[in-house]
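Breakdown of the fold
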Amino acid sequence: MVFESIPRTVRIILLGEPGVGKTSLILSLVTEEFAENVPPKAEEITIPADVTPEQVPTNIIDICLTEQTLEQVAEEIEKAHVICIVFSVDRQETLNRIASYWLPFVRDNCPEDYRKPVILVGNKIDLIDYSVVDNIWDIAEEYPEVDRCIECSAKTLTNVSEMFYNAQKAVLHPVYPIYSIEEQE
Ligand code: GTP
């Protein structure tokens, strides 16, 4: 087992099926408003330490499968400290793909003793009036690197900053023993 050390920056990557709202979540966080038209992929964003709750500079990386190869996505996973896998709460197939594709893909690109924390993000809760959190317990049991599941909406800004804050916390205060940033550098 490799012991975790506290990183000087937190690198957050957003993965998930096309159209689930990854770019919208990043832009809603940064601009504090929802834009109907977003680019396919957000530029890498650096949030300065003094505006993050944990006072740690934070980089946020968007992924877009129509603009990137899987090799490039794999490289980004290797560089990240925490992985947010986004699904759309109104599209069950995007949740199904988390266990059938994304979590195995993340594992394949993290060394065994370096399992990075994963946050499951159910976006677009403005479209439904029930919770989908109960659907993720089986996934969390099979993949203990899943730190938590957060339901949010890039459109109404509900839980958007909380989602990124929880991603930061999963790195800085891990509940699951994970990895050494120093060994990654
Ligand atoms: P790719 O670039 O294809 O990977 O998609 P993405 O995951 O980055 O999704 P994107 O941010 O482009 O959003 C896809 C669509 O969902 C857009 O039409 C957004 O306006 C819409 N959308 C994003 N977030 C929300 C949300 O919280 N609620 C609703 N109702 N629509 C949203």
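Report on the accompanying structure. (Residues numbered from 1 in each chain as written. Predicted model: local features only at pLDDT ≥ 70, side-chain atom pairs only at ≥ 80, totals over all residues. Heavy atoms only, no water.)

**Focus: the side chain of S24**
Put simply, the rule reads: Secondary structure elements follow DSSP: runs of H or I of four or more residues count as helices, runs of E of two or more count as strands, with numbering from the N terminus. Note on contacts: a residue pair is in contact if any heavy atoms of the two residues lie within 4.5 Å.
Structurally, the position occupied by S24 is in helix α1 (residues 22–31). In this structure, S24 is in contact with F34, V38 and A154, ignoring residues within four places of it in sequence.

**Focus: the site of the ligand**
Quick reminder of the rule: The nearness test applies per residue and asks whether one of its heavy atoms lies within 4 Å of the molecule or strand. For the purposes of these results, a polar contact is taken to be a pair of N or O atoms within 3.5 Å, where, inside protein, one atom must be able to donate a hydrogen and its partner to accept one; residues adjacent in sequence count only when each atom of the pair is a side-chain atom. A 1.4 Å probe and the Shrake-Rupley method give the accessible areas. Residues count as covered only by the protein chains that appear here. Any residue outside Ala, Val, Leu, Ile, Met, Phe, Trp, Tyr, Cys, Pro, Asp, Glu, Lys and Arg is labelled polar, Gly included; the first ten of those are nonpolar and the last four are charged.
Around the ligand lies a shell of 20 residues, among which K22, T23, S24, P40 and D126 are the nearest. Here V20 contributes a backbone N or O atom positioned 3.3 Å from an oxygen atom of the ligand. Burial of the ligand by the protein amounts to 81% of the accessible area it has alone, namely 650 Å². In terms of residue count, the dominant contributor to the shell around the ligand is α1 (3 residues). Classifying every residue of the shell around the ligand by side-chain character gives 8 nonpolar, 6 polar and 6 charged.

**A word on the pairing of strand β1 (residues 10–16)**
Working note: regular strand, side chains alternate between the two faces of the sheet. Here is the rule: Exposed residues in this analysis have more than 50% of their type's maximum accessible area, buried residues have under 20%, and partly exposed residues fall in between, with area computed by a 1.4 Å probe over protein chains only. Strands are treated as partners if at least two bridges between them are detected by DSSP.
Most of β1 sits inside the fold, with 7 of its 7 residues counted as buried. Residues of β1 alternate between two faces, with V10, I12, L14 and G16 on one and R11, I13 and L15 on the opposite face, all of them buried. Here 5 bridges tie β1 to strand β3 (residues 58–62), and the two strands are oriented parallel to one another. Counterpart to I12 in the pairing with β3 is I60. Inspection of the sheet shows β1 paired to strand β4 (residues 82–88) by 5 bridges, in the parallel sense. Paired with I13 across the bridge in β4 is I83.

**Topic: the nonpolar core**
What counts here: The set of buried Ala, Val, Leu, Ile, Met, Phe, Trp, Tyr and Cys residues whose side-chain atoms join them within 4.5 Å is what this entry labels a nonpolar core.
L15, I77, I85 and L120 are the most contacted members of the largest nonpolar core, which totals 30 residues. Where this core is concerned, the elements lending two or more residues are β1, α2 (70–79), β4, α3 (92–108), β5 (118–123), α4 (137–142) and β6 (146–151). With 6 residues, the single largest contributor to this core is α3. Here I85 is in contact with L15, G16, I98, W102, L103, V106, V118, I119, L120 and V121, once residues within four sequence places are set aside. Within the second largest apolar cluster, 27 residues are counted, among which are V10, A42, I45 and A167.

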